[in-house]
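Spelled out, the chains give:
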Amino acid sequence: FHGNSPPHVAMLVTPGMGHLIPIAELAKRLATRHGVTSTLITFASTASSTQRAFLASLPSAVASLSLPPVDLSDLPRGAAIETLMSEECVRSIPALTKLLLDLSRAANLVAFVADLFGADSFDAAAAAGVRRKYLFFPTNLHVLTLILHLPELDVTVPGEFRHLPEPVRLPGCVAIPGPDILMPLQDKTNPCYKWMVHHGAKYREADAILVNSFDAVEPGPAKILRQPSPDRPVVYPVGPLIQADRDGGGAGSGCPCMEWLDRQPAKSVIFVSFGSGGSLPTEQMRELALGLEISGQRFLWVVRSPSDEGAVNDNYYDAESKKDPFAYLPEGFVERTKDVGLVVPSWAPQIKVLSHPATGGFLTHCGWNSVLESLVYGVPMVAWPLFAEQRQNAVMLSEGVGAAIRVSESKGREKIAAVVREVMAGEGRGAAVRAKVAELQKAAAEGLKEGGAAATALAEVVEKWTGGGGGGGN
Ligand code: UDP
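None of the values given here were measured: they were computed from a predicted structure.

**Student:** Give a description of the overall build of the chain that names residues and reports values.
**Tutor:** Of regular secondary structure, the chain possesses 17 helices and 13 strands. Its C-alpha atoms give the chain a radius of gyration of 22 Å, within 12% of the compact-globule value 23 Å for 474 residues. Counting all 474 residues of the chain, 59% fall into the buried class. In the chain, the proportion of contacts linking residues at least 24 apart, taken out of those at least 6 apart, comes to 74%. Accessible area for the chain stands at about 18200 Å²; split by element, carbon and sulfur atoms hold 55% of it. Distance between charge centres in the chain, computed from 43 positive and 49 negative side chains, equals 3 Å.

What follows is the structure in structure tokens.
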């Protein structure tokens, strides 16, 4: 019946540009390299203008559909985003089941893919008779290892992670101090903790897990997870998947920053940005401004209004900064730094900035997409993590592979200035970080070439989808 239509995959994306961008890139790669078309299924709450514009810009091989809204009004105000996403997913199962049934009538549906907070949707795939259920994990192997171990850690770790006297040691992973463990696990009385433990168990229903990472950046867990194991699905590192053709569309187009960068010397500018939703408390924003000024380095800073009134990730569902962010900068800062620095409000075309020859460093919140983009363009990092899994990422980058230097917890201006100078021009640790990042840039590019590790992993997955046989993998 579907004999002549291309293999088609349905992919459920939980809210946030950080989830949408890499899964869309996966879909594009499946289309261009393997002739597999796909439908990205988003939640109604994802309907921000930035995300709508992004979906509309995708090639025709990547369709998109939105689930109908579900009522979340019974959830407490201030519920964690992980809770909101997980609840929205569970409550969408009936609508998703219907959507998948329709899709399997209309297309040659070979697999269903859920992302990190969407594993409950496997129930919808099963109800709709979709045989193969895969998980796409947009962050890294360290975080995946932790989540897969959660059902066990839930039993063996007494009290809160942040009170543990020893760091958490997991197979192959850099030891993570308790306070740096994944943010949604930091308060066990919060429902989002139980949700994460639940996901750790639910992930095991996947036929395989595709991860947006690559061996060279986290060789320890890569070695372990590449071995098949009876107690978890097969893991395929298929990264780094970053946007290949980003032209800074949407809210970023027309950013004055590109022309400004054109006028700066090679590798002289540190790009400062905290992802699609991150913002700093007023006091830290001030110290950062003064730290950049003292550092004497050129900088390009995407400034957002401070986060003081609410959670640091208030902007997560919509990238537009709400108030005038420049009003919070120290008095006279913009004037004093106008020859070396540029501040832009809310959003910059990050990939264009990172790939620009004038960019020589990236002060980042360590969101995983930002980290991968930095590595793909060979930009050494200053790590300033905020929420989600960013503190863990900062540990693994600075203590593990050595691709970043982390700003100390006190966030004082002098310390900020010193770290910025070291990463940009330092002879000691900074030089080592710059050399390591150059090496990782090469490794990332090798893996994505025909025959490289990531390309081969994805080809194996497609073979499982299209070459007959069962769910496959484990
Ligand atoms: N991004 C961008 N311009 C900005 C901020 C973010 O283009 O001003 C893009 C960035 O390139 C990355 C994504 O948004 O692809 C942010 O994802 P990440 O995982 O780094 O952080 P999150 O937004 O999920 O916290």
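**Student:** Go over the site of the ligand with me, naming the residues and quoting the values.
**Tutor:** Taken together, the neighbourhood of the ligand is formed by 16 residues, with Ser276, Ala348, Asn369, Ser370 and Glu373 sitting nearest. The contact in question runs from a nitrogen atom of the ligand to an N or O atom on the backbone of Ala348, over 2.5 Å. Ser370 places a polar side-chain atom, nitrogen or oxygen, 2.5 Å from an oxygen atom of the ligand. Contact with the protein chains covers 96% of the free accessible surface of the ligand, which is 540 Å². When residues of the shell around the ligand are traced back to their parent elements, those giving at least two are α1 (17-34) and α13 (368-376). When residues in the shell around the ligand are grouped by element, the largest group, 4 residues, is from α13. Residue composition of the shell around the ligand, grouped by class: 5 nonpolar, 9 polar and 2 charged.

**Student:** Let's hear about the nonpolar core: which residues, and what values?
**Tutor:** Counting 64 residues, the largest nonpolar core has Leu288, Leu300 and Trp301 as its most contacted members. The contacts of Leu300, once residues within four sequence positions are left out, are Cys257, Trp260, Leu261, Val269, Ile270, Phe271, Val272, Leu342, Val344 and Val353. Grouped together as the second largest cluster of nonpolar side chains are 54 residues, Met85, Ile147, Ile176 and Leu225 included.

**Student:** Which residues make up the pairing of strand β11 (residues 359-364), and what values do they have?
**Tutor:** Across the 6 residues that make up β11, a large majority, 6, are buried. By the bridge criterion, 3 bridges tie β11 to strand β12 (residues 381-383) in an arrangement that is parallel. Within β12, the residue paired with Thr364 across the bridge is Ala383. In terms of handedness, the path from β11 via α13 over to β12 forms a crossover that is right-handed.

**Student:** Lay out the state of the cysteines with the relevant residues and their values.
**Tutor:** With the rule as written, the count across this model stands at 1 disulfide. With its sulfur 2.4 Å from that of its partner, Cys255 forms a disulfide with Cys257. Its S-S torsion of about 135° marks the bond between Cys255 and Cys257 as right-handed, since a negative value means left-handed. The class of Cys257 is buried, set by a relative accessible area of 0%. Its sulfur unpaired, Cys173 is 17 Å from the next cysteine sulfur, which belongs to Cys366. Relative accessible area serves as the criterion here: at 16%, Cys173 is assigned to the buried category.

**Student:** How would you sum up the sheet that holds β11? Please name residues and give values.
**Tutor:** Neighbouring strands of a sheet are bound in pairs by backbone hydrogen bonds; such pairs are parallel or else antiparallel. Read from one edge of the open sheet, 6 strands run β10-β9-β8-β11-β12-β13, paired in parallel fashion. In the strand order of this sheet, the two ends are held by β10 (341-345) and β13 (404-406), each with one partner. Each strand of the sheet is rotated relative to its neighbour by a mean of 20°, with strand direction disregarded. Where helix α16 (residues 429-448) meets the sheet, its contacts fall on β12 and β13, and the angle it forms with β13 comes to roughly 135°.

What counts and what doesn't
Residues numbered from 1 in each chain as written. Predicted model: local features only at pLDDT ≥ 70, side-chain atom pairs only at ≥ 80, totals over all residues. Heavy atoms only, no water. Helix = DSSP H or I, 4+ residues; strand = E, 2+ residues; numbered from the N terminus. Rg over C-alpha atoms; globule rule 2.2 N^0.38 Å. Buried < 20%, exposed > 50% of the residue type's maximum accessible area, 1.4 Å probe, protein only. Contact = heavy atoms within 4.5 Å. Areas by Shrake-Rupley, 256 points an atom, 1.4 Å probe, with all protein chains shown as cover. Lys, Arg positive; Asp, Glu negative; His and termini not counted. Charge placed at Lys NZ, Arg CZ, Asp CG, Glu CD. Near = heavy atom within 4 Å. Polar contact = N/O pair within 3.5 Å; in protein donor to acceptor, adjacent residues only side chain to side chain. Nonpolar A, V, L, I, M, F, W, Y, C, P; charged D, E, K, R; others polar. Core = buried A, V, L, I, M, F, W, Y, C linked by side-chain atoms within 4.5 Å. Pairing = 2+ DSSP bridges. Right-handed = clockwise from strand over helix to strand, strands pointing away. Disulfide = S-S within 2.5 Å. Axes fitted to C-alpha atoms, helices over the stretch in contact; angles between N-to-C directions.

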